[in-house]
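# Structural characterization, general
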Amino acid sequence: MVAAACLGVAAIAQTDSPASPPSRVTQQLQWSGVDVDAAQFKSLRDLAVNALGMRLVVDQSNFAVLAAANGSLFEIYGPGSSDRPWRHGQGGVAVGFLTGDIEATSKAIQKSGGVLLGDLNIMPNAGVDGSDYAFQFFRAPDNRVYAIVQNKNYHAH
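The present account deals with the structure reproduced in this document. (Residues numbered from 1 in each chain as written. Predicted model: local features only at pLDDT ≥ 70, side-chain atom pairs only at ≥ 80, totals over all residues. Heavy atoms only, no water.)

## Concerning the pairing of strand S5 (residues 93–98)
- S5 sits mainly inside the fold: five of its six residues count as buried.
- Both strand S1 (residues 29–35) and S5 contribute to a ladder of five bridges, which runs antiparallel. Bridge pairing links Gly33 to Ala94 in S5.
- Judged from the three bridges that link them, S5 and strand S8 (residues 145–150) form a sheet pairing that is parallel. (Buried < 20%, exposed > 50% of the residue type's maximum accessible area, 1.4 Å probe, protein only. Helix = DSSP H or I, 4+ residues; strand = E, 2+ residues; numbered from the N terminus. Pairing = 2+ DSSP bridges.)

## Topic: the packing of aromatic side chains
- In total, this model carries eight aromatic pairs according to the counting rule given.
- On the numbers, 6.0 Å between centres and 75° between planes, the contact of Trp31 with Phe137 is edge-to-face. Placement of the pair is Trp31 in strand S1 and Phe137 in strand S7 (residues 133–139), with a sequence separation of 106 residues.
- Taking the relative accessible area as the measure of exposure, Phe137 reaches 5% and is therefore buried. (Phe/Tyr/Trp six-rings, centres within 6.5 Å; stacked < 30°, edge-to-face > 60°.)

Here's what the structure looks like:
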């Protein structure tokens, strides 16, 4: 949880009821991505499916998205897959944090010294409850790129 401490998001608010945390508090690690070479891609994909029991959501020759039982996502980026800001200068690994209110969390990140990168990304109807799935990359004060994710109760304007 060192990365969560870097964000300062988890410490923004406390709750008396662990069942319903405030919307800006990090609820779990929601997303992770790794950048691998061509030789590693298939082996890592197969390990995630066969050894870790993850379900393939996207399966392409150079890009895979796998889902864990709790709904968190693991993305594997091979050569030629989409470029993302985290794929440069930080060892090819990134994580994302689940939030209940991505707009409020984005503002809190900026107040805590983080810098939003690019636009808010929206995947229509891909949320766990049928709402939109939203994610935002940001550069934290440690100069690494992370993401925040809202996977329910989000509706693009």
